[in-house]
Each structure stands twice: as structure tokens, then as C-alpha cells.
Amino acid sequence: MTTRILTGIKPTGRPHLGNFVGMIQPTLQLIKDTAKEGEAYVFIANYHALNQDKDAAQIRKNTYEVVATFLALGLDPEKVNFYKQSDVPEITELTSILSNVTPKGLMNRSHAYKAQRDRNEELGKELDDGVNMGLFNYPILMAADILMFDTNIVPVGKDQIQHVEFARDIAGSFNHIYGEVLTLPEFRIKEDAATVPGLDGRKMSKSYNNTIPVFEDPKAMRKAVMRIVTDSKLPEEPKDPDNTIFQLYKEVEKDSAKVKAMYDGFVNGGLGYGDAKKMLADSLDDMLAEPRKKFEELMANKKYLDEVMQMGAQKVRKQAMKKISKVRRKVGLD
Ligand code: ADP
Ligand code: TRP
């Protein structure tokens with residue numbers, strides 16, 4: 001039996017090292033590891049971007065950047081179904097149908113929605129202030145993305161686990177009523193790098209403005225690395241290796257002896273944060289030099305990027321039409 005792998009990313013900013021370590025790299029690795037028995041779907045979740053981003057030009061630009069990022073890092077569009085969510089309008093139809101088997105209480109528990117309410121409470125605002133229905137319904141749209149293609153495995157960062165569990169719940173409710181139509185997905189997270197910290201030590205996120213973009217120019221990237229916040233321990237003092245510099249280093253440095261050297265330098269003392277940052281910046285340079293060139297070439301050829309997206313849409317849309325017609329029959333629309 002084939003294993004279907006599917007994941008998406010919103011075009012809400014330039015992909016950063018958190019995205020790279022938490023999702024992009026593990027997804028590309030999983031695709032490689034399952035090349036024989038697997039089928040992969042990677043898409044740009046642009047409907048999902050609309051609830052937070054109202055700048056059309058920005059969304060378009062970020063879409064190209066995300067597409068070029070995946071291609072530059074090795075995604076092969078001939079082998080992977082690589083598409084824009086909005087090129088598959090059947091997904092919104094499925095969302096609409098699934099909303100009828102989704103309890104409102106489930107959506108009330110959504111972390112993203114609850115986080116917004118908590119912020120409002122702290123600020124003494126009306127609890128639903130700034131919450132649009134796109135945010136509230138976000139998990140149903142994400143369930144439709146996943147369930148449309150009978151996905152088995154969803155590689156994501158830790159913050160997305162709940163969404164995949166919701167997709168399972170929603171599929172379960174649907175199947176309970178209409179029979180076994182939808183496949184129950186499982187999430188897959190990378191064990192030891194669940195959340196990459198940003199420059200300020202909080203989760204690296206576009207929303208916190210604390211990111212290091214994957215294809216930042218080398219000088220700016222080095223500067224960003226030098227800005228990573230640390231404590232004020234002296235070079236000779238022993239340090240907790242569970243710090244931002246080492247967490248990133250162990251993800252990007254392929255030479256395990258070098259990784260061990262940094263680890264030992266921190267644990268035993270002797271390695272200062274400044275030197276460790278230089279090591280990290282060097283590794284990033286090495287790892288990204290080739291892909292960066294490719295990224296720049298791709299960004300200069302938008303026509304090609306459009307073609308890649310169109311090719312992907314053509315492939316998956318046929319499958320989506322088949323699935324939606326099955327669902328329509330099951331629920332009594334056809
Ligand atoms: P952001 O929080 O910057 O808006 P997204 O929500 O677009 O990022 O996340 C895209 C993917 O990257 C998701 O699978 C998410 O879990 C993963 N991801 C985002 N930030 C991090 C991080 N700091 N560490 C690990 N994974 C992350
Ligand atoms: N919600 C995901 C994020 O913020 C993006 C996403 C949308 C997604 N649909 C998906 C991820 C389906 C995996 C599967 O990162």
C-alpha cells in the first residue's frame with residue numbers, strides 16, 4: 001500500500017530556519033525515505049494566509065518565495081505533487097461539507113483561537129476582538145486539505161499537532177455518519193527539534209519578528225546569528241547546551257565531530273558564545289551557499305515558478321474532483 005505524505009505552509013512571510021528545521025527539512029527527508037512506497041503532497045496554504053494577511057501583493061510575493069525555497073532545497077516537482085491550495089477549489093467545497101460534522105466546541109478549543117482570546121483578556125478587550133471566522137474555521141480548512149487526498153502522514157512542527165488531531169476527529173465523525181470515506185491521518189514531528197528558538201529565545205516565528213530567513217544574504221544572516229540572545233556567562237564557564245546556538249547548530253552542521261566539539265565546549269566550558277555563533281554562521285554559509293544560488297535564479301524566473309504550480313494543480317485536481325464527487329454522493333448532494 002502506498003503511504004501518502006502531505007504538508008502545507010502559509011505564504012505569510014519568508015521561510016525561516018524554524019520552518020526549515022521543524023518542517024521543510026524533515027518533510028524532504030521523509031519524502032526521500034519513502035520514495036519507493038510513498039506519494040507526497042506539498043502545498044502553499046494561501047487560503048489559510050488570508051485570515052491574518054490582508055496585503056494581496058505581499059501574499060503573492062511570499063508565495064513565490066515559498067515555492068522557490070522548496071525547489072532550491074531539493075523538492076522535485078516531477079515526483080512530488082507541489083501546488084497552491086487555491087488552485088484546488090474542491091478543498092473549499094470539502095471544508096463547507098466538513099463544517100457540518102464539526103462540533104463548535106472542538107473549534108473553541110483550538111490553540112490559535114484560544115491564544116487570541118487570552119491576549120484579549122489580558123488587554124481587557126472583548127474576548128473575540130480581532131477574531132475573524134477564517135481564524136475560527138482554520139482547523140476545518142486544514143482538515144479538508146489533509147482529508148481530500150487520503151493522507152496517512154502529516155509532517156509538521158509541534159505547534160500543528162492539534163490541527164492534525166482535529167482532522168482525525170472530523171474524519172471520524174464523518175465516517176461514523178456516512179461510512180468509511182475519509183482516511184484518518186497521523187502527525188509526524190521531528191523528535192529532537194520540536195521547536196526552534198528565535199533570536200530572542202522565544203519560538204522562532206514570523207509573528208514575533210525574531211526569525212532568520214533561510215535565504216537571507218550571507219552577511220545579513222551572519223549579523224542575525226550574532227544577535228542571538230544568550231546569557232552573560234564567560235567563555236571559560238560551563239554552559240547549558242540547550243541554548244539557541246547549539247539547537248540550531250546541531251540541525252545544520254552535518255559533521256558530527258564538530259557538533260560534539262560545540263557540545264563539549266559548552267558543557268565543560270571553554271567555548272564562548274561569540275565563537276560558537278561564528279561556528280554556526282560558518283555552517284549555515286556552507287549548507288546554504290548552493291541552494292541560495294538556486295533560490296535567486298528561481299526568483300528571477302517567475303514564469304517557471306507559475307508553470308510548476310500549474311503542473312502540480314493539474315495533477316492533484318483530478319484526484320480532488322474524484323474525491324469530492326464521492327463525498328457529494330455520500331452526503332446526498334448528488
Ligand atoms: P510561523 O510561526 O513563522 O508563522 P508557520 O505557522 O508558517 O510559521 O509554520 C510552517 C511550518 O513550520 C509548521 O509545520 C510549523 O510547525 C513549522 N514551524 C514554524 N516555526 C517553527 C519553529 N520555531 N520550530 C519548529 N518548527 C516550526
Ligand atoms: N496550519 C499550518 C501552519 O500554520 C499550514 C497548513 C495548512 C498545513 N494546511 C495544512 C500543514 C495541512 C499540514 C497539513 O503551519
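Computed from a predicted structure; not experimentally measured.

**What about the nonpolar core?**
Of all hydrophobic cores here, the largest spans 53 residues; its most connected members are Phe70, Phe82, Leu280 and Leu284. Of all elements in the fold, only helix H1 (17–33), strand E2 (38–44), helix H3 (56–72), helix H9 (218–226), helix H10 (244–252), helix H11 (256–268), helix H12 (273–299) and helix H13 (302–331) reach the threshold of two or more residues within this core. When residues in this core are grouped by element, the largest group, 10 residues, is from H12. Counting contributing residues, this core receives three or more from each of domain 1 (3–196 + 302–331) and domain 2 (215–297). When near neighbours in sequence (up to four residues on either side) are disregarded, phenylalanine 82 contacts Val42, Ile44, Val67, Phe70, Leu71, Leu75, Val308, Met309 and Gly312. Counting 39 residues, the second largest nonpolar core, distinct from the first, contains Ala45, Leu94, Ile140 and Met148.

**Remarks on the packing of H9 against H12**
Two quantities define a packed helix pair, namely the angle between the helix axes and the distance between the axes. The interhelical angle for the contact between H9 and H12, taken along N-to-C directions, is 150 degrees, at an axis separation of 9 Å. In terms of axis orientation, H9 runs roughly antiparallel to H12. H12 is crossed by H9, and the crossing has right-handed handedness. The residues of H12 that touch H9, namely those facing Pro218, Met221, Arg222, Val225 and Met226, are Gly274, Lys277, Lys278, Leu280, Ala281, Asp282, Leu284, Asp285, Leu288 and Arg292. The residue inventory of the contact of H9 with H12, partitioned by class, reads eight nonpolar, one polar and six charged.

**Regarding the pairing of E2**
Of all seven residues in E2, five are buried; the element is thus mostly enclosed. Note that strand E1 (residues 3–9) and E2 share seven bridges and pair parallel. If you follow threonine 3 over to E2, its bridge partner there is glycine 38. Both E2 and strand E3 (residues 81–84) contribute to a ladder of four bridges, which runs parallel. Bridging from a neighbouring strand, valine 42 pairs with phenylalanine 82 of E3.

**Observations regarding the domain arrangement of the chain**
Each domain of the chain was delimited in the assignment, giving domain 1 (3–196 + 302–331) and domain 2 (215–297). The distance between the C-alpha centroids of domain 1 and domain 2 comes to 31 Å. The largest share of the area that domain 1 buries against domain 2 comes from Arg14, Leu17 and Ala72, three residues that together contribute 38% of it. Summed over the shared surface of domain 1 and domain 2, the result is two salt bridges. A salt bridge links lysine 190 to glutamate 251, with the nearest nitrogen and oxygen atoms 2.9 Å apart. Joining domain 1 to domain 2, the criterion identifies two residue pairs in polar contact (both at pLDDT 80 or more). For the side of domain 1 that touches domain 2, the secondary-structure elements that each account for two or more residues are H1 and H3. By residue number, the principal contributor to the side of domain 1 that touches domain 2 is H3, which donates five residues.

Procedures and definitions
Residues numbered from 1 in each chain as written. Chains lettered and ligands numbered in written order. Predicted model: local features only at pLDDT ≥ 70, side-chain atom pairs only at ≥ 80, totals over all residues. Heavy atoms only, no water. Core = buried A, V, L, I, M, F, W, Y, C linked by side-chain atoms within 4.5 Å. Buried < 20%, exposed > 50% of the residue type's maximum accessible area, 1.4 Å probe, protein only. Helix = DSSP H or I, 4+ residues; strand = E, 2+ residues; numbered from the N terminus. Domains from an automatic or database assignment. Contact = heavy atoms within 4.5 Å. Axes fitted to C-alpha atoms, helices over the stretch in contact; angles between N-to-C directions. Parallel < 35°, antiparallel > 145°, perpendicular 65-115°, else oblique. Left-handed = near helix turned anticlockwise from the far one by under 90°. Nonpolar A, V, L, I, M, F, W, Y, C, P; charged D, E, K, R; others polar. Pairing = 2+ DSSP bridges. Buried area = accessible area lost by both parts, 1.4 Å probe. Salt bridge = Lys/Arg side-chain N within 4 Å of Asp/Glu carboxyl O. Polar contact = N/O pair within 3.5 Å; in protein donor to acceptor, adjacent residues only side chain to side chain.

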